[in-house]
Structure formats: C-alpha cells, structure tokens
There are 2 protein chains.
Amino acid sequence: MFDSARLPHDLTKEQFGALEGELHEQLLDAQFELASSAAKSVLVLINGSDGAGKGGALNRLYEWLDPHGLDTLAYEAPTEEERLRPFAWRYWRDMPAKGRIGVVLGSWYHPPLLARALGETTRRTFKQQLTTINEFEAMLAAEGVALCKIWLHLDHKDARARLKKITRVDGDDARPVVREWAEVDTRKERRRLAEAGVAMAEETSTGPAPWFLIPADNRYFAELSVGRCVLATLTAANEPSPPKPAKARRSLAAQKPLPGPTVISALDLSKTVDEKTYEEESDDLKARLTRETSRASFEKRGLILVFEGNDAAGKGGAIQRVRQALDPRRFRVHGVAAPTDEERARPYLWRFWRKVPRRGHIGVFDRSWYGRVLVERVEGYCDPADWMRAYDEINDFERQLTDSDYTLVKFWLSISADEQMRRFKAREATPVKRYKITKEDWRNRDKWGEYEQAVNDMVDRTSTSRAPWTLVEAEDKRYARLKVLRTIVETLEA
Amino acid sequence: MFDSARLPHDLTKEQFGALEGELHEQLLDAQFELASSAAKSVLVLINGSDGAGKGGALNRLYEWLDPHGLDTLAYEAPTEEERLRPFAWRYWRDMPAKGRIGVVLGSWYHPPLLARALGETTRRTFKQQLTTINEFEAMLAAEGVALCKIWLHLDHKDARARLKKITRVDGDDARPVVREWAEVDTRKERRRLAEAGVAMAEETSTGPAPWFLIPADNRYFAELSVGRCVLATLTAANEPSPPKPAKARRSLAAQKPLPGPTVISALDLSKTVDEKTYEEESDDLKARLTRETSRASFEKRGLILVFEGNDAAGKGGAIQRVRQALDPRRFRVHGVAAPTDEERARPYLWRFWRKVPRRGHIGVFDRSWYGRVLVERVEGYCDPADWMRAYDEINDFERQLTDSDYTLVKFWLSISADEQMRRFKAREATPVKRYKITKEDWRNRDKWGEYEQAVNDMVDRTSTSRAPWTLVEAEDKRYARLKVLRTIVETLEA
C-alpha cells in the first residue's frame, strides 16, 4: 500500500510560497467555523519515522492555524502516573473539547508498533491491538471527534542520513520533537517494524478514519500535504450534521413492552437477614475485604465498583459499608451528577475515563457510564441510535479496563415501588435526610415501567463474561449490604 | 448476556389475540412504505436452537406481511455449487433487492458456530470469523441493507423435550424448517457451543446490527417478539436518509493536486519489446500458463484476473493473449458495463460477487469493482464518503477471496494521453474498430488528471500484501502483453 509515498518529490521553495497563501487562509476559515459551531473536535495524528519532520509539520500548523484553538498532545515513554492506569488513559485525559484541534505526536499506534518491532509482542497480539484501535476510533468518530491520521514516510536510509545531520546542526526547528524509533536498531527489528506498518495500514485504514501516507523526502511537499489533509478533515467536520430522525419511530423501546417478566421483576425481594447474622457476616466479610485489598499482589490490579439502582435503593449505605473495610487513602467515591460544560464538550465516556483509579486503588462510581442507557434513554436526552450503540461501546470500554488488569464489579440495587414510596416519605420526615429527595425523584417514579425495561436491556446487553452485573435484592438493607460485600470479596478471592 | 431470555413466560392465546391485530396492521404499513420508497432492503436473521420455533416464526411473518415482498432464504449444508465458491457467496447470491424483506434461516452465524462446537476450529479462528462477520454487516448497513438479528433461545433440556414431541406429532407447522444442531451431541460439544454463543453475542452485537435474544419457551411471546423486532427494523429503515452533504467540501480529492509524481507518472512508458523476443517469450509463457492451470492442485484454487486501465490501453488484446493459453470451458470474461436495474437495487459489490468463478475456473474482469473508486469517484456518481469507505470494503472483499484460496492478479494498463489520441484516431479510421470508441471516451480524456489521481489513490489504498496491483507500461502492446502473461505465470508458480 501507499507506493506513491516512495516516489521522489522536488517542490521548490518558490512553489511552496505560491501555494501556501491560499491554504493558510482556507485553514483559518475552516478553524474559525469549527470553533464557532463547536459541534465537533479534530484530532490530527502526526506519525512517522524519526527525522521525517514531525516537529516541522507541527510548527507549520502553528503558523497556519490560530494557536489559541490548538493543543499539542505529545507522548513519549509513559510517565509513572500513566503506567499505573490503562493504556488508553493518557489519550483520553487530553481529549480536546469540541471546537478545538489537537495535534498528537506519538499516538496510540506507536507503543504497539514499537513493542512489535522489538519482538515484545506476537503478530497475533499486535493484530488484536489494531482491532481495539479500530473500535476506539469508530467510537470517537460516532462521538464527534474527527480524526486525521498522517504518517510521514521516509526510507530507512534517508531517515538515518537526516538524523545524523540533525545531531550535527543545532537548529531548533530541525530537531525532532519526539524521538521514537531509536530503539529499533537491528535489521530484524526493522523488518518486523516494516511488516507491522503494512498490517497497520491494511487493518486500520477505515472509512471514517483513513490513513494518509505523506512522503517526507521534500519538506515543502510534506508540510503542504499535511496542511491539506488537515483542511480536508476540518471541512468534513464542519459539514452540518444530518437532522435527527423522529425519535418515536426508531426502536423497539418505542413499542409498549409485551407482558412478561424482566430480570428485575423476577427478583425475590422478600429476602431478609436478621441483625445478628448481619453483624457476624458483615464483620467477617469486611475483614476478608481488608485482607484482599492489602495483599502485595493487589498493587498490580485496580478495582472498580459500579453502583446503580432505584432512587433510595440504598446505594450510599452500601458504599459506606464497603468504605469501612478499606484504606481511605486508596478509596475514592465518584458521585455522578449532570455533566459539566467541560464534560459535555467531549465523548460521553470521557468524564469516566478521567476518573479511572490507578492500579492498587479502588474507584467507586455512585451512578456511572450506564446513565447513557438509563436516564438518557428514558428521558430522551439522546437518540435511540446513540444509546443502542452505547451498549457496544461500553462493553469495549470495560474490556479495555479488564484487559489492563482491572476488576469490575457492577451492582444494580433493586427495590419495589412501594418500598421506595415508604423511603421517600421517611426521608421527607427526617430533617437531615430531606436534602436527599428532589422533585426529580418523584418524577422518575412515573416512568417506573420504562426504567425497568431500560435496566432489563442494560443487564441483557452489558452483563459480559468479563464484567457481569450483580442484581441485588435491596428491599432489606441488611440483605443488600451483605450481598454487595460478599460479591466483592468473592470476586477478589477468585 | 441476555439473562432475561431465560425467564419463564406465560402469555396466553387470548393475550396473543388481543395484541396481534395492531402489530399485523403496523407491519403491513411499514412493509408498504419500504416497498414504495425502495430505498433499503431488510434482512431478518432467524437463528436459534432446534425446536425453538424458527419455522413457526417464519410462518407467522408470512401471515402478517405481504408474501409478495417476502423472500425466504434457507441454508442447510452447502450444495456442491456453493462448496466450490467462497463461504459468503451463497448469502450474496440471494441478497434481496431494495424494497424487499428477506428472512434468513441458517444464517452466516451457523457454520462457524457449528464448526466451533464440533471442535473443527479453534477459539481464535472463531473470533476471527466474528470479526469478518462484523466487517460484512457494517458494509451491508452502509449499503442500505437493514439487519434484524434474532436468536430464539431455548434451554437445552426444553429443546430436547420439544424435539421429541415434534417427531411424534406430525403437524406441519410444528416441524422445524431447518434442523441444524443435531450433530452437537456430547456434553463437551454443547459446552463449546454455549461458550461460542456468548462470544458471538459479545462480539457481534453492534450499534448498526444488534442482536435480539428472544425467549422461545412460550410460542405466543416468541412470535409476537419476532414481529416487534421486525417492525422496529422496518420503521428504522423507513426513516428518510439524511440529505447528502455538499460534495465539494468533503475530501482531499476536491483540492487541486500538489505538483508531484504519481505512481502513474512515475512509469517508464518507453519500454518496448521487439517482435522476435515477443514471439519466443510469449510462446514460453503461454505454455507455462497452460501447465499451471492444468495441474490437479489448481482444482482447489480459483483464479481471478482484474483488468483496469486507460481507454484504449489494450485490455482486450491482453485478455485475448491470456485466453489463448487456457481451457475455454474454464475461462470466462466479464465485461463490466453500467449496472442493471437489478444490480442497482443491491450493494455495489453484489454484481461482482455473483460472478465469482468456482474453484478450478478462471474469471476475468474487464473493468471491475474498482469502478467505485475510479469512474464513480471522478464523475461524482457517489459521495466522497462512499468511495472513501469503498477502499476498506474492497480490501475486505478481496481478503474473503484470498482466504478462500482464490488467487487475485490485478492489472492497471497505462498509456500516455498522446498514445491514446493516436489509438482513438486509428480506431475511428478502421471500420471494424469504430464501434469501440464512443463520445464518453472523448469526455474521459478531459478529466485525465483527475483519473490519474484516482488511480494513484486506488493503488495506494488497495495494493495489499494479499492482492497487490501490477502497473503495466502499455505504450508498447507487446511489452504490455508479455508483462501481463509473466505476472500471472509467476504468481501461479510462486
């Protein structure tokens, strides 16, 4: 593939000058439009051999575009902070907001390519990493992040010659911003890198995120080409989005459910535990939980607990019991409220990615990314096509976590409508608890059936072998708390 | 996943009767709309355990929908005709036209599941097959084929009990239409089938093509659920398509190319061969070609030759020389003209799929599926997003062929604009050749530069390790014909 990038180019400085003016103007116009509509963000991935002029291309983009709307995201070897989290975390953390352009040096392609070239991973593992990247990029595209994937190509010989020159000359703009391939040294490693590059081009050049291989033998040609690719991506991103279809027509959820059981209605809510049993078991479980999370081996794992449930089902109380058994320095609860402006400007998973705990720590989500397929679905905050696609995206996200040695435990705490009413009334009567109940809680009760269906579908579609849901009969608080503790302990012990 | 399908259902005949009427009406309305707009087609995949009522659900769809717009596509063990071609050929062959609904019994999921259950394939191979299926289904969705993937679920015990009953009772509607899982017999095989089913649900339930797992313990519930899934798919398919974006804004191709070489301009068209060398070499190559295609081992392979090139570049003459060396009973040339009505009503690759030769035969395409990224791109017959996506789809299609032991050899025959002019004039002056030249040929000459760019991009993006392009300097006919023959012979000998 991309044989044309191996041909020699001889664009002169004069030709460059003649072409640059119009491109500069067009780029600024397109960037202005992107910023004003703030409907999408753009990520420009500048990849390529050492010495191919990645830094020069970056600098040129800073000349042509308004630097205020431009972020450089440069990644070298992972920092300690980054090594302690899943592979993709560093890229997620820096995701530019809608209306902005991020230029990525050292993208998510580089670590897998390097590992493959050095023989640290097998060909098969590398292919799987490419599949994961495809899923990640498809999700970004669907979430309004337009990708411009550039590879600056230089033959190995040319690259070496150029690097030598750079180390002699001490000009700032000639120094490569990121030195990435220095470790790929032997002929065997170079052959593996070349082979991996072909596989990368063949597997990850997709409709929404195609590769652009740009010859880097002539810097004028290379820099103009980079500018033109960015312009094409910007103009495509500035296309007005198609109008949303009529919601009511799109999905099964629009139809009234058939009479039949759901995973929720099938629960036996009459289960109870007496106080004495509760005290004994709870002490035992907490001790085991403390033990499991104090092991040296736990340092290499992360634990993520997801709590979802009916309003007033006792999520807070259950989390409190878990907290009592854990080292407070390593335990953090994230309550999920309405998204902030900053969060709304990015893919919906972003606000959860930024809260992924480092390994050895425990992150608790009191409500979570499942809001997309629960409240956003039921209240119509997003389109059926969006939440339908979210099941798959959430499964991919959770697989990235479990692949990075995180353990996920997900709870749905279930109570009956009657019990909820009793708890609401009790809360209203108790001064210190009155703040816990809002108009929204009462409103949600009116959509009990729709929520039940949404929960049923959520469990059906996201209870995977790697990250299963645990349904908790929460009518009796003691029973619920024990089941939560027991599930966590048994998962960790397994 | 899909735990809710394991819950017991007890819908009564009366409840069924009360609910059926409205569904029936809605289905007919939606089908009528689908047929009148003829913008999309719908494929309903009815999968599931033996005895789960696949036949009953199919019959019910025939009651509820207008049978004139409905096709049953039932697949059992492959026929000889099917075994001689790539795996996906049988499904391609039957693809319903736009406006129609196809109901598939024994879909593309069944052979991989069965092979995995019987231990004929590894877990890894099975996962790769699922990835291929995802690519295939994404392509169908992008090409206007809406999928409704249904799995009728029955526990193993229930399924066995029901099958016993069926063999006793001789009622027509109770007999399973397709008996598929009879071979899965031992406990180990059943365990593998269950595990593969989980992987299938987790990997292939995507945004555009989600799975619907329907409990089959109660036939009223199951049949109504099938009807509702079909209705949801129909209404989604009937959504008006979003308006196409302004073409000029979408892609790099809209920008005037930078001055620089292309894979075409880099060709050395001055190469010639004298008549004597030509005769000798050509005889030798033809003899070797005859030998290679007469081997017993060739029976297990298929050979596909793709000829693209400038108008009057000598595709016909080159094909003629290949023909002379081959068994006429096994050699077929497909000239590609404008698509027929029947072809236009289906995904653009359909008309090529139906012409894939059986193994042991040789299929020649005189122009091919590359029309999408050549003439359709340059003439604006399709949207930039469509031809951009086509590179990836074509690579997937060709990988399916090479994975099925087909050899692909792809030629671009290149001549200069001047030489083309000479040949056009010569043709016009020769009575028997005058029919070969049309107004369109002259018009295409005006877009020489755009075509060159399109060819360059095509070669860059579809010259893969499995199916590389061969660029043929065709200014001298003898040189071109020898290069074509030599490339085919050497590919077969390798």
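Cut-offs and rules
Residues numbered from 1 in each chain as written. Chains lettered and ligands numbered in written order. Predicted model: local features only at pLDDT ≥ 70, side-chain atom pairs only at ≥ 80, totals over all residues. Helix = DSSP H or I, 4+ residues; strand = E, 2+ residues; numbered from the N terminus. Buried ≥ 20, exposed ≤ 12 C-beta atoms within 10 Å, placed from the backbone. Axes fitted to C-alpha atoms, helices over the stretch in contact; angles between N-to-C directions. Left-handed = near helix turned anticlockwise from the far one by under 90°. Contact = placed C-beta atoms within 7 Å. Nonpolar A, V, L, I, M, F, W, Y, C, P; charged D, E, K, R; others polar. Least-squares fit on C-alpha atoms with pLDDT ≥ 70 in both. Domains from an automatic or database assignment. Pairing = 2+ DSSP bridges. Parallel < 35°, antiparallel > 145°, perpendicular 65-115°, else oblique. Expected span 1.5 Å × (residues − 1).

Draft legend 1. Molecular detail of the overall build of chain A. Per the secondary structure count, chain A includes 19 helices and 10 strands. Dimensions of chain A, computed from C-alpha atoms along their principal axes, come out at roughly 85 × 55 × 40 Å. Out of the 494 residues belonging to chain A, those deemed buried represent 39%.

Draft legend 2. Up close: the packing of helix H6 (residues 123–142) of chain B against helix H8 (residues 187–204) of chain B. Residue and element names in this part refer to chain B. Here H6 crosses H8 at 35°, and the two axes come no closer than 10 Å. As for how H6 packs across H8, the hand of that crossing is right-handed. From H6, Phe126, Lys127, Leu130, Ile133 and Asn134 reach across to H8, where they touch Ala196, Ala199, Met200, Glu203 and Thr204. Residues that form the contact of H6 with H8 fall into these classes: six nonpolar, two polar and two charged.

Draft legend 3. Representation of the interface of chain A and chain B within the structure. Contact residues are listed per partner, giving 53 residues for chain A and 53 residues for chain B. When residues of the side of chain A that touches chain B are traced back to their parent elements, those giving at least two are helix H8 (187–204), helix H9 (219–238), helix H15 (384–403) and helix H18 (448–462) of chain A. It is H9 of chain A that provides the largest number of residues to the side of chain A that touches chain B, a total of eight residues. Residue classes in the side of chain A that touches chain B are distributed as 25 nonpolar, 18 polar and 10 charged.

Draft legend 4. Just the environment of Tyr348 of chain A, in detail. Residues and elements named next belong to chain A. Structurally, Tyr348 can be placed in the loop between helix H12 (341–344) and helix H13 (350–353). Its 20 C-beta neighbours within 10 Å are what place Tyr348 among the buried residues. Sequence-wise, Tyr348 and Glu80 are 268 residues apart; in three dimensions their C-alpha atoms are separated by 26 Å. Those residues in contact with Tyr348, other than ones at most four positions away along the chain, are Glu143 and Arg372.

Draft legend 5. Focus on the relation of the copies chain A and chain B. Between chain A and chain B, the superposition needs a rotation of 180° and an axial shift of 0.0 Å, giving an RMSD of 0.1 Å. Taken together, the rotation angle and the small translation identify this as a two-fold axis. Mapped onto chain B, 100% of the interface residues of chain A again fall at the interface, so both copies present the same surface.

Draft legend 6. View of the domain arrangement of chain A. Residue and element names in this part refer to chain A. Partitioning chain A into domains gives domain 1 (3–238) and domain 2 (247–493). Taking only C-alpha atoms into account, the centre of domain 1 sits 39 Å from that of domain 2. Sort the elements by how many residues they give to the side of domain 1 that touches domain 2 and helix H6 (residues 123–142) lands first, with four residues.

Draft legend 7. Fine view of the sheet that holds strand E6 (residues 302–309) of chain A. Residues and elements named next belong to chain A. Read from one edge to the other, the open sheet built from five strands follows the order E7-E8-E6-E9-E10, with strand pairing classed as parallel. Two strands lie at the open edges of the sheet, namely strand E7 (331–335) and strand E10 (469–473), each paired on one side alone. Here the average twist between neighbouring strands, direction ignored, is 20°. Here eight bridges tie E6 to strand E9 (residues 406–414), and the two strands are oriented parallel to one another. Bridge pairing in E9 links Phe307 to Phe411.

Draft legend 8. Focus on the packing of helix H11 (residues 315–323) of chain B against helix H19 (residues 477–493) of chain B. Residue and element names in this part refer to chain B. Two elements in contact, H11 and H19, have axes whose closest approach is 10 Å; the angle formed by their N-to-C orientations is 50°. The orientation of H11 with respect to H19, classified from their angle, is oblique. The handedness of the crossing between H11 and H19 comes out as right-handed. Contact residues: H11 offers Gly317, Ala318, Arg321 and Val322, while H19 offers Lys477, Ala480, Arg481, Val484, Leu485 and Ile488. Looking at the contact of H11 with H19, its residues break down into six nonpolar, one polar and three charged.

Draft legend 9. Structural detail: helix H19 (residues 477–493) of chain A. With 17 residues, H19 of chain A ought to run about 24 Å at 1.5 Å a step, and its terminal C-alpha atoms sit 24 Å apart, in line with that. Of all the residues in H19 of chain A, the buried ones are Tyr479, Ala480, Arg481, Leu482, Lys483, Val484, Leu485, Ile488 and Val489 of chain A.

Draft legend 10. The arrangement of the environment of Val364 of chain A in detail. All names here are of chain A. Checked against the element boundaries, Val364 lands in strand E8 (residues 362–366). Residues Val364 and Ala467, 103 residues apart in the sequence, show an inter-C-alpha distance of 15 Å. Contacts of Val364, omitting those with residues within four sequence positions, involve Leu305, Phe307, Ile319, Arg332, Val333 and His334.

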